[in-house]
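# Per-entry structural report
Single-letter residue listing:
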Amino acid sequence: MNSVYAQVEETSTCSKRIYKVWDNQPAPNRGGDFNIKKARGYPYDEDWELYSYPIGNGYMGANIFGRTDVERIQLTEKTLANEGLYGIGGLTSFAEINMVFNHNNPTNYSRSVNINEAISYVNYVCDGVEYTREHFISYPDNVMVIKLSANKKGKISFLLKPEIPYLRDSTQKNTRTGKMEVENDLITLSGFIDHFSVNYEGQIKVINEGGKLSSVTKGDRVEISVSKANSVVLLVAAGTNYELNKELFLEDVHAKKLDPEKFPHRRISGLINAAATKGYTALKATHLQDYQNLFSRVNLEFSKEMPQVPTKELLESYKLDISNHYLEELMFHYGRYLLISTSRKETLPCGLQGVWSQYEVTPFTGGFWHNINVQMNYWGAFNSNLAETFTPYVEFFDAYLPKAESLATEYLKKHNPKALAKDSLDNGWTIGTGTTPHKIVGPGGHSGPGTGALTTKMFWDYYEFTMDTTFLREKAYPAILGMSKFLSKTLVPVGDSLLLVTPSASPEQKHNGENYITAGTTFDQELVWENHNDLLKASKILNLKDAFIQEVQNEITKLDPIIIGKSGQVKEFREEEYYGEIGQKHHRHISHLCALYPGTLINSTTKDWMDASIVTLDLRGNNTTGWAMAHRMNARARTKDGEKAHEVYTKFIKERTLPNLWTTHPPFQIDGNFGCMAGVAEMLLQSHEGYIEPLAALPKAWNNGKYRGLVARGNFEISLVWKDGKATSIEVLSHSGGECNLKYKGIAKAILTDSTGENISFKSADADSILFETEKGNSYFISL
């Protein structure tokens, strides 16, 4: 291989940088009721939201507090739900695992999440003994594993005291029963939540090496005491009777959605027994192999040094001085860690809070909000080389599709009955904003039917980044086709040359205090265009032609999706003339710019629209919520303005990032983490305009750096080194073969070689582009 790539090649395996979120103190234990918390300025659980460290495997998550007197580990299982805020179901906390150590006044204390390993550590010295705790949640084995050890034998002693939170009798809302039982080394927590007929069970097995173990039942509480052990391993498994299937969504009676005669006991016992047989060493090895197979695909460095200070101090220093960009780098890697921890095959998709909630009633249900939030969770999955994490959403979609088809028919009956098809399947499918693991809704209220097309954009992106034609044929094309069929029937002719979605709403925008309902908002029009355009591209690839495709070809010319107003802005509403005369001027949503990002209608070939988008972003401003800043960051990247994208990123970290690096709406919402992760990748690599453009929005702050493993459309894995703001070497790994079209200043003068060092010929349309054929599995090197 050409030596010019040595700088890239040295990062070809797991990064030499060890990324971690860490502190030199345990999470605080201030507690307090709602009013006390509100008086402190944060009416949510500060200890949990700001300071605990999250681990997860998609099925369940845990928050580690790292306390030495009484440790708190809060457990969430993604399918455990109660009535929630709106009666459509909501995530609720599964259990509290308390361990009484009575280790007071420790020294040399540290707690951390090692992002390279997905393992949380607690280390300290007490009375001359060094104590270590390790925590991870294995996806392959679906158990949480906790190991307690010390540097001296016979020093592990503690009392295990779990709790089932939020028990409510039948006279109260969110009725929840529960009991705990102990038998030798095993504690079982089980119960019932009546709203969806949820049976739940968790088991905690304590395996001690040396010492003494005893169990005690005290009324409705149980405890396990361990005394003078050399080391202890705790295994935790949890689950419910939830089953993801079509019948779940088609059933309208809440109490009939799940089978109350089914219990998770056998499955949970099987997980615990298998893990106990496997043993700690093998469990850890399996966990690391599984996790690092995903995490180590990407390396990214653009900071000069890794500050050796606790993360909360690093954050506070950053608020005063952003000259060290390590935190910006760390946030990208942390986002990838969180995505792997929350979204894996055969788990539910990632919701608003990922796989973590310590609340009885999770804010906004912890569900899958479809007018921006669930899509934002997956924006960075594809370009940051984690496409598999989108699989849970595809599985979720397959289950809710029949209900979504019936909702489409209901919607059209109400709003455009003349357009109804004889065969209801030809009405397509639809989905509105509020969605949970138990229920979906149709569009209406504050968001128009474009929410469905915002959803199918993920399916198209998955195809473009993976080039998986089987997925395109079996999943993406049917989804996009069904959405086009529905959206086509929401269009109402205005004269001979215009079709408008009617009724239409720009997400959550209000005018004079009311949801503003109109016809042909930019949000709906642009997303009809995006979905129709993706359908036409997909049908061409699959060589599919029929009368409906011809109808779509006609409709797409009559959408008039982007209109420039008198302020030079992209209009949000057709009847708007000057910016802000309708709706809130500085609204969190920038829904009328979905054609810029995540869509592609507004691009460098539509200069007037691009200029109007910049005006709109300037007028909208960056004083907004966490996830909304993340959308602005990605939009700025698409305008190729690295300085503006970096500006909103730094503001996001300063104002919407918590000491544990979770991000906040407020309260905590994980979409901000994922949106900014996507934004970093978008600044460093773009591919939505038919060519691959490295460093498309590089800010001066990241003047030197390198990355390996980011993915461009066409299933090209890109690695790159840059110095003084200019690329010096680029590697292209072609996973699917085909033409590679690269755009970079002066690239036509570069030398292109293959993995053997042989020169490769290429075509060049101008000084800044090259086009060459690739073979599947081969790497190509550009020396600039």
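Everything here concerns the structure above.
A brief look at the structure comes next. Being a predicted model, the structure only gives us computed values, none of them experimental. (Residues numbered from 1 in each chain as written. Predicted model: local features only at pLDDT ≥ 70, side-chain atom pairs only at ≥ 80, totals over all residues. Heavy atoms only, no water.)

### Let's talk about the overall build of the protein
- Along the protein, the regular secondary structure elements total 18 helices and 32 strands.
- For a compact globule of 784 residues, the expected C-alpha radius of gyration is about 28 Å, and the protein comes in at 27 Å, within 12% of that figure.
- Taken along the three principal axes of its C-alpha coordinates, the protein extends 80 × 65 × 50 Å.
- The 784 residues of the protein split such that 62% are buried.
- For the protein, restricting intrachain contacts to residue pairs at least 6 apart in sequence, the fraction spanning at least 24 positions comes to 68%.
- Accessible surface for the protein amounts to roughly 28900 Å². Of this, 48% is attributable to carbon and sulfur atoms.
- Both charge centroids of the protein, one from 83 positive and one from 92 negative side chains, sit 2 Å from each other. (Helix = DSSP H or I, 4+ residues; strand = E, 2+ residues; numbered from the N terminus. Rg over C-alpha atoms; globule rule 2.2 N^0.38 Å. Buried < 20%, exposed > 50% of the residue type's maximum accessible area, 1.4 Å probe, protein only. Contact = heavy atoms within 4.5 Å. Areas by Shrake-Rupley, 256 points an atom, 1.4 Å probe, with all protein chains shown as cover. Lys, Arg positive; Asp, Glu negative; His and termini not counted. Charge placed at Lys NZ, Arg CZ, Asp CG, Glu CD.)

### Remarks on the pattern of salt bridges
- Under the criterion given, the structure shown has 38 salt bridges.
- As a salt-bridge pair, Glu329 and Arg17 come within 2.8 Å of each other at their nearest N and O atoms. One end of the pair, Glu329, is in helix 8 (residues 326–342); the other, Arg17, is in the loop between helix 1 (6–9) and strand 1 (20–23), with 312 residues separating them in the sequence.
- Judged by its relative accessible area of 0%, Glu329 is buried. (Salt bridge = Lys/Arg side-chain N within 4 Å of Asp/Glu carboxyl O.)

### Re the side chain of Arg344
- Within the secondary structure layout, Arg344 lies in the loop between helix 8 and helix 9 (373–383).
- Since its relative accessible area comes to 10%, Arg344 is described here as buried.
- At 2.9 Å, the side chain of Arg344 and the side chain of Asp290 are in polar contact.
- Setting aside residues no more than four positions away along its own chain, Arg344 makes contact with Asn57, Tyr139, Asp290, Leu294 and Pro392. (Polar contact = N/O pair within 3.5 Å; in protein donor to acceptor, adjacent residues only side chain to side chain.)

### A look at the sheet that holds strand 18 (residues 231–240)
- Taken in spatial order, the nine strands line up as 1-8-9-10-11-18-15-14-13 in an open sheet, and their pairing is antiparallel. Edge positions in the sheet fall to strand 1 and strand 13 (176–183), since each has one partner strand and no second. Strand-to-strand twist across the sheet, computed as the mean angle between neighbouring axes with direction ignored, equals 15 degrees.
- Pairing geometry for strand 1 and strand 8 (residues 107–114), over four bridges, is antiparallel. (Pairing = 2+ DSSP bridges. Axes fitted to C-alpha atoms, helices over the stretch in contact; angles between N-to-C directions.)

### With respect to helix 17 (residues 642–656)
- In this model helix 17 runs 20 Å from its N-terminal to its C-terminal C-alpha over 15 residues, within 8% of the 21 Å that 1.5 Å per residue would give.
- Among the residues of helix 17, those classed as buried are Gly642, Ala645, His646, Val648, Tyr649, Thr650, Lys651, Phe652, Ile653 and Arg656.
- Where the residues of helix 17 are buried, they touch helix 7 (311–320), helix 8, helix 16 (626–638) and helix 18 (671–684).
- Capping the start of helix 17 is the job of one residue whose side-chain oxygen sits 3.2 Å from the backbone nitrogen of Glu643: Asp641. (Expected span 1.5 Å × (residues − 1).)

### Description of the pairing of strand 9 (residues 119–126)
- Counting buried residues along strand 9, seven of its eight residues qualify, which places the element largely inside the surrounding structure.
- As paired strands, strand 8 and strand 9 are joined by six bridges and run antiparallel to one another. Note that in strand 9 the partner of Arg111 across the bridge is Val122.
- Between the antiparallel neighbours strand 8 and strand 9 lie four residues, among them Ala118 with a positive phi of about 60 degrees.
- Note that strand 9 and strand 10 (residues 129–138) share seven bridges and pair antiparallel. Looking at the pairing, Asn123 lines up with Thr132 of strand 10.
- Linkage of strand 9 to strand 10, two consecutive antiparallel strands, is achieved through a turn of two residues, within which Asp127 is found at a positive phi near 55 degrees.

### Notes on the environment of Phe652
- Relative to the assigned elements, Phe652 resides in helix 17.
- A C-alpha to C-alpha distance of 6.3 Å links Phe652 and Met629, two positions 23 residues apart in sequence.
- Leave out the neighbours within four places in its chain, and Phe652 touches Met331, Gly626, Met629, Thr657, Thr663, Gly672, Asn673 and Cys676.

### Observations regarding unusual backbone geometry
- With an omega dihedral of 10 degrees, the bond running from Tyr597 to Pro598 counts as a cis peptide bond.
- Its place among the elements puts Pro598 in the loop between helix 14 (547–555) and helix 15 (607–620).
- Even without a glycine there, the phi angle at Asn102 is positive, about 55 degrees.
- Residue position: Asn102 is located in the loop between strand 7 (95–100) and strand 8.
- Taking relative accessible area as the criterion, Asn102 reaches 53% and is therefore assigned exposed.
- Even without being glycine, Asn184 reaches a positive phi, approximately 55 degrees.
- Note on placement: Asn184 falls in the loop between strand 13 and strand 14 (186–193).

### A short note on the packing of aromatic side chains
- Within this structure, the stated rule accounts for 45 aromatic pairs.
- Considering the side-chain rings of Phe397 and Phe459, the 5.0 Å spacing of their centres and the 65 degrees angle between planes classify their relative orientation as edge-to-face. Note that Phe397 is positioned in helix 10 (residues 391–415) and Phe459 in helix 11 (residues 450–466), a separation of 62 residues in sequence.
- Between the NZ or CZ atom of Lys20 and the centre of the ring of Trp22, over which it lies, the distance is 5.3 Å.
- When the ring centre of Tyr200 is taken as origin, the NZ or CZ atom of Arg176, which lies over that ring, is 4.8 Å away. (Phe/Tyr/Trp six-rings, centres within 6.5 Å; stacked < 30°, edge-to-face > 60°. Lys NZ or Arg CZ within 6 Å of the ring centre and 35° of its normal.)

### Here we look at the side chain of Asn63
- Relative to the assigned elements, Asn63 resides in strand 3 (residues 60–64).
- In terms of polar contacts, Asn63 uses its side chain to reach the side chain of Ser52, at 2.9 Å.
- Sequence-distant contacts of Asn63, that is, excluding residues within four places in its chain, are made with Trp48, Ser52, Tyr53, Pro54, Arg72, Ile73, Gln74, Trp356 and Trp662.

### Focus: the sheet that holds strand 32 (residues 779–783)
- Read from one edge of the open sheet, six strands run 19-26-27-28-32-30, paired in antiparallel fashion. A strand with exactly one partner marks an edge of an open sheet, and here the two such strands are strand 19 (299–301) and strand 30 (751–754). The mean angle between the axes of side-by-side strands here comes to 20 degrees, regardless of whether they run parallel or antiparallel.
- In the sheet, strand 26 (residues 705–712) pairs with strand 27 (residues 716–723) via seven bridges, with the strands oriented antiparallel. Across the sheet, Gly705 pairs through a bridge with Trp722, a residue of strand 27.
- Along the sheet face, helix 18 touches strand 19, strand 26 and strand 27 and points at about 100 degrees away from the line of strand 26.

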